[in-house]
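# Tertiary structure, described
This is what each chain is made of:
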Amino acid sequence: MTRPLSAEEAIAAHAQRGNLRVGAGQLLWLETEPATGNNRLLRYGDDGVQALTPPEVSVRSQVNGYGGGAFCILGECVYFVDGTDQQIQMLNLADDSQRPLTHQTGVRFGALVADPVRGRILAVCEHLDEGYGVGQTLVSVDAATGESMQLAGDYRGRVNLGCATLSADGHGLAWVEWTLPAMPWEQTRLRRAVLDEAGAVSATEECPTPAPAAIQQPLFIGDQLYALSDHAGWWLPYWVDHYGRWIVQSLDQVDYANAPWQLDERHYAWLGDGCWVRVRYDQGWASLVLTDEAGRVTRRLADEYTDFRSLQVMDGKIYVIARRSESLDSVLQIEPDSGIYRVLAGGETTPACQRMPPPEPFDFSARDNQTVHGYLYRPAGEESPSPPVIVRVHGGPTSAAYAVFDPQVAFWTSNGFAVADVNYRGSTGYGRVFRMSLKGQWGQSDWEDICDAVTHLAGQTLVDGRRAFVMGRSAGGFTVLNALIHSDVFLAGASLFGVSDPESLRHMTHRFESGYLDWLLGNPDTHLETWQQRTPLFWADRITCPVIFFQGEQDAVVVPEQTDSMAHVLECGGVPVKVVRFPDEGHGFRRAENQARVLRETLQFFRECLPVA
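Residues numbered from 1 in each chain as written. Predicted model: local features only at pLDDT ≥ 70, side-chain atom pairs only at ≥ 80, totals over all residues. Heavy atoms only, no water.

## A word on the nonpolar core
- Among the nonpolar cores identified, the biggest contains 46 residues, and W185, L190, I215, W246, W442, Y516 and L520 are the most heavily contacted of them.
- At the level of secondary structure, the elements contributing two or more residues to this core comprise strand 15 (172-179), strand 18 (216-221), strand 19 (224-229), strand 20 (236-240), helix 6 (475-486) and helix 8 (516-521).
- Broken down by element, the residue count for this core peaks at five residues, all from helix 8.
- Excluding anything up to four places from it in sequence, L520 contacts P397, L438, K439, G440, Q441, W442 and R534. (Core = buried A, V, L, I, M, F, W, Y, C linked by side-chain atoms within 4.5 Å. Buried < 20%, exposed > 50% of the residue type's maximum accessible area, 1.4 Å probe, protein only. Helix = DSSP H or I, 4+ residues; strand = E, 2+ residues; numbered from the N terminus. Contact = heavy atoms within 4.5 Å.)

## Some points on the environment of F478
- Residue position: F478 is located in helix 6.
- Taking the relative accessible area as the measure of exposure, F478 reaches 0% and is therefore buried.
- Considering only alpha carbons, one finds F478 and C353, 125 residues apart in sequence, at a separation of 30 Å.
- Ignoring any residue separated from it by four or fewer positions in sequence, one finds F478 in contact with W442, G443, D446, G498, V499, P502, R534 and P536.

## Here we look at the packing of aromatic side chains
- For the structure shown, the criterion picks out 25 aromatic pairs.
- Pairwise contacts between aromatic rings join Y66, W185, W261, F512, Y516 and W519 into one cluster.
- A cation sits over an aromatic face here: R266 above Y268, 5.4 Å from the ring centre. (Phe/Tyr/Trp six-rings, centres within 6.5 Å; stacked < 30°, edge-to-face > 60°. Lys NZ or Arg CZ within 6 Å of the ring centre and 35° of its normal.)

## Some thoughts on the packing of helix 3 (residues 407-414) against helix 11 (residues 592-609)
- Closest axis-to-axis distance for the helix 3/helix 11 pair is 12 Å, and the angle between their directions is 35 degrees. Where helix 3 crosses over helix 11, the two elements pack in a sense that is right-handed. Across the interface between the two elements, Q408, F411 and W412 from helix 3 touch L599, T602, L603 and F606 from helix 11.
- Along the lines of polarity and charge, the residues of the contact of helix 3 with helix 11 split into five nonpolar, two polar and no charged. (Axes fitted to C-alpha atoms, helices over the stretch in contact; angles between N-to-C directions. Left-handed = near helix turned anticlockwise from the far one by under 90°. Nonpolar A, V, L, I, M, F, W, Y, C, P; charged D, E, K, R; others polar.)

## Observations regarding the sheet that holds strand 27 (residues 317-323)
- The antiparallel open sheet is built from four strands, whose spatial order is 26-27-28-29. Unpaired on one side and paired on the other, strand 26 (307-314) and strand 29 (341-346) mark the two borders of the sheet. On average, each strand axis in the sheet is inclined to that of its neighbour by 25 degrees, with strand direction left out of account. (Pairing = 2+ DSSP bridges.)

## Here's the deal with the sheet that holds strand 24 (residues 285-291)
- Pairing within the open sheet is antiparallel, and its four strands lie in the order 22-23-24-25. At either end of the open sheet lies a strand with only one pairing partner, and these are strand 22 (268-272) and strand 25 (297-301). Across this sheet, the average inter-strand angle for adjacent strands is 35 degrees, counted without regard to direction.
- Of the strand pairs in this sheet, strand 22 and strand 23 (residues 275-282) are connected by four bridges, and their pairing is antiparallel. Across the sheet, Y268 pairs through a bridge with R278, a residue of strand 23.

## Focus on helix 11
- An ideal rise of 1.5 Å per residue puts 26 Å on 18 residues; helix 11 measures up with 26 Å between its terminal C-alpha atoms.
- Listed in full, the buried residues belonging to helix 11 are A592, N594, A596, V598, L599, E601, T602, L603, F605, F606 and C609. (Expected span 1.5 Å × (residues − 1).)

## Here we look at the environment of G476
- Within the element layout of this structure, G476 appears in helix 6.
- Those residues in contact with G476 that lie beyond four places of it in its chain are V393, H394 and G395.

## Notes on the packing of helix 5 (residues 445-459) against helix 6
- Put simply, helix 5 and helix 6 touch, their axes get as near as 9 Å, and they point 70 degrees apart. Classified by the angle their axes make, helix 5 and helix 6 are roughly perpendicular. In contact with D446, W447, I450 and C451 of helix 5, helix 6 contributes F478, T479, N482, A483 and H486.
- For the contact of helix 5 with helix 6, the per-class residue count stands at five nonpolar, three polar and one charged. (Parallel < 35°, antiparallel > 145°, perpendicular 65-115°, else oblique.)

## Details of helix 10 (residues 560-572)
- The terminal C-alpha atoms of helix 10 lie 19 Å apart, and with 13 residues this matches the ideal 18 Å at 1.5 Å per residue to within 8%.
- Where helix 10 is concerned, the buried positions are P560, Q562, T563, M566, A567 and L570. Seen along its axis, helix 10 keeps its buried residues to an arc of 155 degrees; they face one direction.
- Looking at the packing, one finds that the buried side of helix 10 touches helix 6, helix 7 (502-508), strand 36 (547-552) and strand 37 (577-582). (Arc of directions from axis to C-beta.)

## So, unusual backbone geometry
- Cis geometry is found at the peptide bond from L180 to P181, where omega equals 15 degrees.
- P397 follows G396 through a cis peptide bond whose omega is 0 degrees.
- By the element assignment, P397 lies in the loop between strand 32 (389-393) and helix 3.
- In this structure, N19 takes a positive phi of about 55 degrees despite not being glycine.
- Locating N19 in the fold gives a position in strand 1 (residues 17-23).
- In this structure, D273 is a non-glycine residue whose phi angle is positive, near 55 degrees.
- If you trace the backbone, D273 turns up in the loop between strand 22 and strand 23.
- The exposure class assigned to D273 is exposed, which follows from its relative accessible area of 84%.

## Re the side chain of N19
- The exposure class assigned to N19 is buried, which follows from its relative accessible area of 7%.
- A polar contact is formed between the side chain of N19 and the backbone nitrogen of A70, at a distance of 3.3 Å.
- Apart from residues no more than four positions distant in its own chain, N19 is found in contact with L28, W29, L30, G69, A70, F71, D264 and S310. (Polar contact = N/O pair within 3.5 Å; in protein donor to acceptor, adjacent residues only side chain to side chain.)

Okay, structure coming up:
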């Protein structure tokens, strides 16, 4: 019998890659250091992969709390956001010299875009008051002097700004913006502007969609503007002509993007000669395809992979971060004509990768007949055809579970548990209607869906429904607690920095999500009863099974008081509770030793809850 993975073995060497960018013949990306969780800036060249920043420096933007666009390439220099002070640094690739570019207090930068016509950087600048975001502006920063110019937005106000795009001649500018409390996957606006010779905005216009939409990823090809919009029900590609008309480039009922939690995603690129390369999510499963101008798929690329991020084109070749279940993130170079690709970096096969079972897509009809999807991972060599199961609830809740390598899955399945990742309603990858169906239903439909998933899988004898556990992070922790309150499906639960008191969180969380709870639960002034019914802290006395909590003490999104209050009420009620705190972590655990401890503590906790055979 194969020895189970230890928590340390599962997490070891798990480097994640993202924010791939090309420019001036350079190919760069960010890569996490497993031990510290820091993002290092890496470059691929003739001599292979080279680290451009030391391990102690983290390249990370904190705009909106989730960042994105932490660096850009301009000539021989890279400009990046220092994760400590949130200021822009300049790194000269020719002589390795480095210096601070900006020295502004009370701000943080993100969504960096190079303006080679004027030798400057465009960025989203988030303005702070006592550490709390109070407004956002789109600014230009002179690459030599660091002097800035405001192009859009307000120092204080409710408007949020997305990543900008420039026309080839530098005279066209476009960006997405939205007004709080809306979120960027709910309703946004596309704005187009004309820049004068000095680079200031001389005229601006909105490009309204035929119906309410979440617009994302605007992109100029020459002077032609393109964007993704879901006003027809799916995130589809459009050409936005000079009259502001939206001309669709595909009629497929699939999403050509996922939820824009970060500012720098790119799911499509222009290859020339009437050819595009795009990422498409069909029932949550991603593929990389070539399409013509009419949206017809002409070739599928890198079929071995199941998710793609940071799509780029340089010198007629495609570059992308590709993910799958058998290996770590890979940086791919793809020849579009032949489809031949090679792995430039990453793609390692760790011991945990070797133990990762294949994802098995499943779907079922929830109690209201809504079709819900998920992925099942089963332990190999299990004597019993129905192993115990851990249902994992992704965060967001407007996020998704993807069929890619996850060291936690490898750990759990090697230790005899099946894992079910459920894309409950509200998840991304299934169209606008499904994503928006969680409006006003959070704390009800989500926990019902994960409970119904257990019923379905147990009915197919794929798992043992009598030995089911549930764990979730952030918004997923809220779903975990409500599932334990309203059902007896699970033997125990694990909440990782989960929401327990939405009303308290509403007054304490950061600016980006300050109105999100009202969308999920309804305005508390008119839906007070709904808030009370779905607040786990108020109904903690209904939880009778053990619960383990994990909390970062630096968390500014779901503050530590959320965990402390819930754990205290449960302890007073005699429920077995364990709280594990990490003084050096925020919203999400980045350090390998802390990630391993979460797995180790949860395994012991769940095993103690299993019925004696």
